[in-house]
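Tertiary structure, described
Chain residues, written in single-letter form:
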Amino acid sequence: MGIGVLVHIIIVMALSPLLLGIIGKTKAFFTGRWGPPLFQPYYDIGKLFRKGNVYSTTTTWIFQAAPVVCMAAALASSLLMPLGGLKAPLQFWGDIILFAYLYGLARFFMVIAALDTGSSFEGMGASREAAFSCLAEVVLFLDFIVLVVLSKSLVLSRMIEGNILSSWPLFGPVLLLTGASYFLVLLAENARIPVDDPATHLELTMIHEVMALDHSGWDLAYILYGSAIKLFVLGGLFVNILVPFHGLSPMTQTIVFTAGMIVLAVGIGVVESCMARLRLNRVPQFLIGAFVLALVGLLVVLIKA
Amino acid sequence: MSFFLSSLVILCAGALLSVLLTRSRRVSGAVFLGTLISGCCLGAAAAVGVLLRPGRIHGDYRWNFRMPLGEFRLGLEPLGAFFLLAIAVLFLWAGIYGYDYLKHDGKKNVSVHYALYHLLLIALMLIVTAKNAVLFLVAWELMTVSSYFLIVFYDEREAVRKAGYLNLIATHTGTFCLLIMFLLMGHHTGSLNFDQMALASFPLPLAGVLFVLAVLGFGVKAGFIPLHIWLPHAHPAAPSHVSAVLSGVMIKMGIYGLMRVILIVKGFPEWCAVVLLLIGMTSGVGGVLYALGQHEIKKLLAYHSIENIGIITLGLGIGLWGQIVHNEFTALIGYAGALLHVFNHAMFKGLLFLSAGSLIRATGTGEIDQMGGLLKKLPWTGHLFLAGSLAICGLPLFNGFVSEWLVYRALFEGMFQFKLNAVVWSSLAIISLALIGGLAAACFAKAFGAVFLGNSRSLDITRVKENSALMRVPMAVLGGICVWIGLFPAMMVSFALRGAAAMTASAISPATEEMIAAPLKTVVLVLLVVIAVMAVLTLFKRISMRFLPVAKAPTWGCGYSVPTARMQYTAASFAQPLLDIFRNVLGYQVKGNKPKGYFPVEGKISSRVTEASEDFIFRPAFELIKSVSARLKIIQSGYTQLYLFYIFAFLLILLIWKMV
């Protein structure tokens with residue numbers, strides 16, 4: 001199991017920034033540019049690892065701890081999720097709750113680290129992050145409820161395996177609704193358009209990026225890396241929900257999973273190219289929309305069952 | 001049982017001696033500490049003894065002292081023992097803290113306060129062991145009265161006197177319901193002893209009536225919304241160590257009472273479980289939303305007590321549901337989750353109130369919006385407050401997560417095994433619990449961030465100093481317990497399961513216990529991975545910092561060159577987006593005049609949250625009672641003859657009634 005954990009961590013760390021690269025390429029394609037190379041996110045993180053740190057005199061150790069917690073929580077959550085043919089090294093009855101709460105831990109530290117700087121901009125970002133994530137978490141749990149009812153399991157990897165495959169013929173529309181709702185949560189949780197804009201942090205309308213305004217060097221690298229891993233894990237869950245590839249040979253599963261991830265990254269890129277960011281007071285409505293989608297899914301399941 | 005009785009005797013002696021030795025503060029203080037420590041240790045030992053060996057019959061003590069209508073009968077059972085453990089641990093550390101806390105109130109009569117503190121402890125110990133309804137009610141009254149006097153310690157302030165009075169009225173209204181409830185039970189079963197009552201079977205309609213009375217009576221004490229109005233006033237008014245025990249264990253007596261009634265009556269109609277789930281959801285979400293709107297630290301914490309009572313009630317509700325549909329597995333997890341959360345909440349809320357007290361002692365104020373940057377000045381208080389915050393938000397690594405995980409799991413299990421309507425209610429409860437978690441995190445990020453991080457907004461903190469060791473050690477111990485249960489939950493979970501098994505009146509097989517506790521072992525494994533990864537990442541960064549330049553600079557002002565501390569986000573502004581989303585529920589209002597023109601002279605803004613149940617239910621209700629009583633005044637003329645006439649008329653009516 002120890003080796004399984006290590007292998008999982010290494011794979012997740014090696015592949016997660018690639019997703020950002022694909023999104024970047026897609027966006028560049030839509031604006032008619034070549035765009036940065038596919039491996040640009042790796043270069044960015046690598047560059048930050050060679051930079052020194054600047055710490056604000058206002059800050060305490062919390063400012064430095066948040067990036068570490070952020071990345072560690074994201075990595076630990078990846079251990080609960082299967083990657084294609086590779087089984088999740090740690091799984092237990094009820095791990096979906098821990099899965100969601102690990103991100104809660106990371107978020108709490110990011111928010112207080114933003115408040116630690118004493119900057120009004122970061123306070124603004126922290127306040128918005130805290131507000132919107134409350135709603136996003138509720139939708140995430142509602143999606144989980146639908147999947148739990150469908151699969152009769154509280155284990156993340158079993159929840160998205162076998163049973164879902166058998167429920168496709170009967171519950172196809174439900175899975176599509178839940179998938180759509182989960183995709184909206186995915187965009188919100190990972191600070192993507194239309195909830196947040198990952199490309200800029202100086203507008204007063206930004207949420208996630210503005211919280212990392214004062215971080216530099218290794219701290220910033222950890223934050224970027226942690227966000228990339230979070231996108232990879234939550235995205236992987238999306239692919240697992242919607243693509244019924246389980247029961248195939250491990251090799252085929254891995255290929256299908258990889259293809260699914262690439263399609264997801266392109267999909268996010270397309271959304272980001274076609275849409276503008278929503279006005280801030282629209283974000284709750286966006287999340288309530290996601291909530292309603294999942295709720296309809298749940299009702300259909302309950303009526304059919 | 002002998003441990004428990006000797007603990008009671010020691011505490012009684014301590015209370016008496018403290019009053020007798022009022023003259024010398026030092027002697028009465030020493031007596032207080034000595035009896036407190038020995039009494040609490042003995043009490044905790046008695047509780048642990050019962051929880052370790054639940055199969056054995058534990059003492060059933062009867063004192064040959066006939067009280068009118070009842071008898072003095074005590075018994076220590078797993079359910080009561082679990083509560084007793086929380087009571088003993090929290091009272092011990094809060095008491096030691098209080099001993100030092102009160103030293104600074106030089107002129108007050110502290111000895112009486114010591115005695116009352118002991119009395120409250122004795123009352124709570126009697127409540128969780130009483131086996132007779134009359135004794136239970138007597139202990140309940142003792143709790144009410146002693147807590148009233150503890151709350152009004154700072155009685156020179158009007159708000160404190162009002163809060164104490166409100167507490168007294170509210171609890172007595174609750175006791176009225178309890179009196180009727182116990183009378184109904186006694187009437188039906190022919191005995192006021194809990195054991196005999198439990199042997200009888202209750203028809204469902206009667207069980208429903210008893211349930212409603214129990215919810216009303218015990219709900220006032222527990223602080224269910226909308227019966228909670230006394231709670232947010234009383235907890236901030238009391239000295240901090242008293243707030244800690246009030247919020248940590250006294251309001252849990254409402255929960256204990258409810259569980260005791262469930263234990264006696266056993267068979268309930270299904271709507272009772274739905275009512276409990278509904279109460280859990282409204283109290284949980286409502287409590288945390290009101291807390292978000294508060295900017296005084298102890299008031300904020302008081303509202304969070306309501307939130308946690310909500311979480312506990314969710315566990316109780318799903319447990320009761322499991323019991324009703326004979327699904328013992330779900331019932332066990334639900335009850336165990338509720339019980340463990342009772343203990344956990346006692347620890348972290350105790351810790352939070354103690355550190356809030358330490359904060360107020362050091363700065364002289366509890367207004368969050370004035371503070372900032374205190375982590376550097378008050379490292380102990382600050383870090384322990386952070387630990388308490390993480391625990392109360394239910395975040396992994398701390399104890400709150402373990403009990404919330406159990407409640408979540410019970411709710412999910414309920415979805416698998418029950419009928420359709422249960423799935424609907426469980427889903428709603430799960431969603432509420434998720435919302436509560438998110439909102440609590442936002443609220444404590446706000447409280448911790450605004451008080452301890454950034455720069456001080458308007459408070460002069462240059463002379464702020466950390467408090468004495470005698471105040472810091474109790475906080476550190478409570479924080480240590482929070483981390484211990486968070487990382488090694490096995491023991492407390494098994495204790496909670498013993499209490500839960502007493503509720504379902506079943507012995508848990510080792511296989512069932514394994515099914516419930518085994519996942520928690522993997523939780524710990526994942527948490528260890530988190531800790532290991534954090535250690536590795538920190539190590540790498542530390543090494544890199546040797547080779548790379550590290551600079552210090554002021555916070556980047558985004559190009560603005562003279563930012564001031566007043567420009568930071570305040571607690572009020574931090575909470576604004578969330579309060580705005582829920583403005584219709586909270587009656588959230590923002591008032592003020594915004595600065596106008598190119599060279600604005602002044603501007604101010606203030607926001608507040610309305611207490612709906614206070615303003616729209618209780619105030620009108622009390623006004624109504626007042627006006628009706630005013631009308632009734634005409635029969636009170638003051639003439640003796642008239643009163644004699646009343647008596648005569650009444651006798652006449654009775655006679656006629658008897659004849660017909």
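Computed from a prediction, not measured in an experiment: that's the story for all the values here. (Residues numbered from 1 in each chain as written. Chains lettered and ligands numbered in written order. Predicted model: local features only at pLDDT ≥ 70, side-chain atom pairs only at ≥ 80, totals over all residues. Heavy atoms only, no water.)

**A look at the overall build of chain B**
The number of helices and strands found in chain B is 24 helices and 5 strands. Here the C-alpha coordinates of chain B stretch approximately 100 × 70 × 60 Å along the principal axes. Considering chain B as a whole, with its 660 residues, one finds that 60% of them fall into the buried category. Taking the contacts inside chain B whose residues are at least 6 apart along the sequence as the reference set, 80% of them involve residues at least 24 apart. Across chain B, the mean location of the 50 positive side-chain charges is 6 Å away from that of the 28 negative side-chain charges. (Helix = DSSP H or I, 4+ residues; strand = E, 2+ residues; numbered from the N terminus. Buried < 20%, exposed > 50% of the residue type's maximum accessible area, 1.4 Å probe, protein only. Contact = heavy atoms within 4.5 Å. Lys, Arg positive; Asp, Glu negative; His and termini not counted. Charge placed at Lys NZ, Arg CZ, Asp CG, Glu CD.)

**Remarks on helix 5 (residues 120-151) of chain A**
All names here are of chain A. Between its terminal C-alpha atoms helix 5 stretches 46 Å, which fits the 46 Å expected from 32 residues at 1.5 Å a residue. With 30 of its 32 residues buried, helix 5 lies for the most part within the structure. Its side-chain oxygen 3.2 Å from the backbone nitrogen of Phe 121, Ser 119 forms the N-cap of helix 5. The positive-phi residue at the C-terminal boundary of helix 5 is Lys 152, with phi of around 55 degrees. (Expected span 1.5 Å × (residues − 1). Polar contact = N/O pair within 3.5 Å; in protein donor to acceptor, adjacent residues only side chain to side chain.)

**Some details on the interface of chain B and chain A**
Contacts between the two partners involve 77 residues from chain B and, on the opposite side, 76 residues from chain A. When the two sides are added together, the surface that chain B and chain A hide from each other amounts to roughly 6,500 Å², 79% of it contributed by carbon and sulfur. At the boundary of chain B with chain A, the tally comes to 1 salt bridge. The residue Lys541(B) makes a salt bridge to Asp219(A) at a minimum N-O spacing of 2.8 Å. Where chain B packs against chain A, one counts 22 residue pairs in polar contact (both at pLDDT 80 or more). For the side of chain B that touches chain A, the secondary-structure elements that each account for two or more residues are helix 15 (379-392), helix 16 (399-417), helix 17 (420-452), helix 20 (510-547), strand 3 (550-553) and helix 21 (571-581) of chain B. (Buried area = accessible area lost by both parts, 1.4 Å probe. Salt bridge = Lys/Arg side-chain N within 4 Å of Asp/Glu carboxyl O.)

**Concerning the side chain of Ser355(B)**
Residue and element names in this part refer to chain B. The topology assignment puts Ser 355 in helix 14 (residues 328-363). Classification of Ser 355 as buried rests on a relative accessible area of 0%. Among the polar contacts made by the side chain of Ser 355, one reaches the main-chain carbonyl oxygen of Leu 352 at a distance of 3.2 Å. Filtering out sequence-adjacent residues up to four positions away, Ser 355 remains in contact with Thr 381, Phe 385 and Met 475.

**Things to note about the environment of Met261(A)**
All names here are of chain A. Along the chain, the position of Met 261 falls in helix 10 (residues 250-274). Its relative accessible area of 5% is what places Met 261 among the buried residues. With 22 residues separating them along the chain, Met 261 and Val 283 place their C-alpha atoms 26 Å apart. Ignoring any residue separated from it by four or fewer positions in sequence, one finds Met 261 in contact with Leu 19, Phe 232, Gly 235, Gly 236 and Val 239.

**With respect to the packing of helix 5 of chain A against helix 16 of chain B**
Relative orientation of the contacting elements helix 5 of chain A and helix 16 of chain B amounts to 40 degrees, with a least axis distance of 10 Å. Relative to helix 16 of chain B, helix 5 of chain A is oriented oblique. As for how helix 5 of chain A packs across helix 16 of chain B, the hand of that crossing is right-handed. Residues Phe141(A), Ile145(A), Val148(A) and Val149(A) of helix 5 of chain A lie in contact with helix 16 of chain B, whose contacting residues are Tyr408(B), Phe412(B), Met415(B) and Phe416(B). Along the lines of polarity and charge, the residues of the contact of helix 5 of chain A with helix 16 of chain B split into 8 nonpolar, no polar and no charged. (Axes fitted to C-alpha atoms, helices over the stretch in contact; angles between N-to-C directions. Parallel < 35°, antiparallel > 145°, perpendicular 65-115°, else oblique. Left-handed = near helix turned anticlockwise from the far one by under 90°. Nonpolar A, V, L, I, M, F, W, Y, C, P; charged D, E, K, R; others polar.)

**Examining a nonpolar patch on the surface**
Side chains of Ile634(B), Ile635(B), Tyr639(B), Leu642(B), Tyr643(B), Phe645(B), Tyr646(B), Phe648(B), Leu652(B), Ile656(B) and Val660(B) sit close together on the surface and give an oily, nonpolar patch of about 1,200 Å² of accessible area. Tracing the chain through its elements places Ile656(B) in helix 24 (residues 640-659). (Patch = residues over 30% accessible without salt bridge, like charges linked within 9 Å, V, L, I, M, F, W, Y side chains within 5 Å. Areas by Shrake-Rupley, 256 points an atom, 1.4 Å probe, with all protein chains shown as cover.)

**Side note on the packing of aromatic side chains**
In this structure the tally under the stated criterion is 42 aromatic pairs over all chains. Here the aromatic rings of Phe49(A) and Tyr222(A) are separated by 6.1 Å at their centres, their planes lie at 70 degrees, and the arrangement is edge-to-face. On the criterion of sequence distance, the pair formed by Phe49(A) in helix 2 (residues 40-49) and Tyr222(A) in helix 9 (residues 217-242) is long-range, its members being 173 residues apart. Each member of the aromatic cluster is reached from another via a ring pair, and the members are Phe99(A), Tyr101(A), Tyr103(A), Phe141(A), Phe144(A), Phe401(B) and Tyr408(B). Directly above the ring of Tyr154(B) sits Arg157(B), whose terminal nitrogen or CZ lies 4.7 Å from the centroid. The ring centre of Tyr101(B) lies 4.4 Å from the NZ or CZ of Arg361(B), which sits over that ring. (Phe/Tyr/Trp six-rings, centres within 6.5 Å; stacked < 30°, edge-to-face > 60°. Lys NZ or Arg CZ within 6 Å of the ring centre and 35° of its normal.)

**Concerning the environment of Leu384(B)**
All names here are of chain B. Within the secondary structure, Leu 384 sits in helix 15. Separated by 94 residues in the primary sequence, Leu 384 and Leu 478 place their C-alpha atoms 8.9 Å from one another. Discounting residues that sit within four places of it in the chain, Leu 384 has contacts with Leu 351, Arg 472, Met 475, Ala 476 and Gly 479.

**Points about the side chain of Glu137(A)**
Here Glu137(A) is to be found in helix 5. Apart from the residues lying within four places of it in its own chain, the contact partners of Glu137(A) are Ala100(A), Arg107(A), Ala434(B), Gly437(B) and Gly438(B).

**Structural notes on helix 20 of chain B**
The end-to-end C-alpha separation of helix 20 of chain B is 55 Å, in line with the 56 Å expected for 38 residues at 1.5 Å each. Its axis deflected by about 35 degrees at Ile516(B), helix 20 of chain B carries its strongest bend there, up to four residues before the proline Pro519(B). (Bend = angle between axes of the 7 residues up to and from the residue.)

**What about the domain arrangement of chain B?**
Here chain B is partitioned into domain 1 (272-507) and domain 2 (612-659). Measuring from the centre of the C-alpha atoms in domain 1 of chain B to the corresponding centre in domain 2 of chain B gives 45 Å. (Domains from an automatic or database assignment.)

**Regarding unusual backbone geometry**
For the peptide bond that leads from Ile193(A) to Pro194(A), omega is 10 degrees, which places it in the cis range. By the secondary structure assignment, Pro194(A) is in the loop between helix 7 (162-189) and helix 8 (208-211). Across the junction of Ile225(B) and Pro226(B), the peptide omega takes the value 10 degrees, indicating a cis bond. Following the sequence through the fold, Pro226(B) ends up in the loop between helix 8 (204-222) and helix 9 (231-237). At Lys152(A), a position not held by glycine, the phi torsion is positive, near 55 degrees. Considering the arrangement of structural elements, one finds Lys152(A) in the loop between helix 5 and helix 6 (156-159). Phi at Lys266(B) takes a positive value of approximately 65 degrees, unusual for a residue other than glycine. For Lys266(B), the location among the structural elements is in the loop between helix 11 (252-265) and helix 12 (270-292).

**A word on the packing of helix 3 (residues 61-78) of chain A against helix 20 of chain B**
One way to put it is that helix 3 of chain A packs onto helix 20 of chain B with a least axis distance of 9 Å and a crossing angle of 135 degrees. Between helix 3 of chain A and helix 20 of chain B, the angle is such that the two are oblique. Judged by the twist between their axes, the crossing of helix 3 of chain A over helix 20 of chain B is right-handed. Across the interface between the two elements, Gln64(A), Val68(A), Val69(A), Met71(A), Ala72(A), Leu75(A) and Ala76(A) from helix 3 of chain A touch Val526(B), Val530(B), Val533(B), Met534(B), Leu537(B), Thr538(B), Lys541(B) and Arg542(B) from helix 20 of chain B. Residue composition of the contact of helix 3 of chain A with helix 20 of chain B, grouped by class: 11 nonpolar, 2 polar and 2 charged.

**Considerations on the pattern of salt bridges**
Residues and elements named next belong to chain A. Per the stated rule, a full pass over the model turns up 15 salt bridges over all chains. Linking Glu 129 and Arg 107 is a salt bridge whose minimum nitrogen-to-oxygen distance equals 4.0 Å. One end of the pair, Glu 129, is in helix 5; the other, Arg 107, is in helix 4 (residues 95-116), with 22 residues separating them in the sequence. Across the pair, exposure class does not vary: Glu 129 and Arg 107 are buried alike. It is possible to trace a salt-bridge network through shared partners that takes in Arg 107, Glu 129, Glu 137, Glu 189 and Lys 230.

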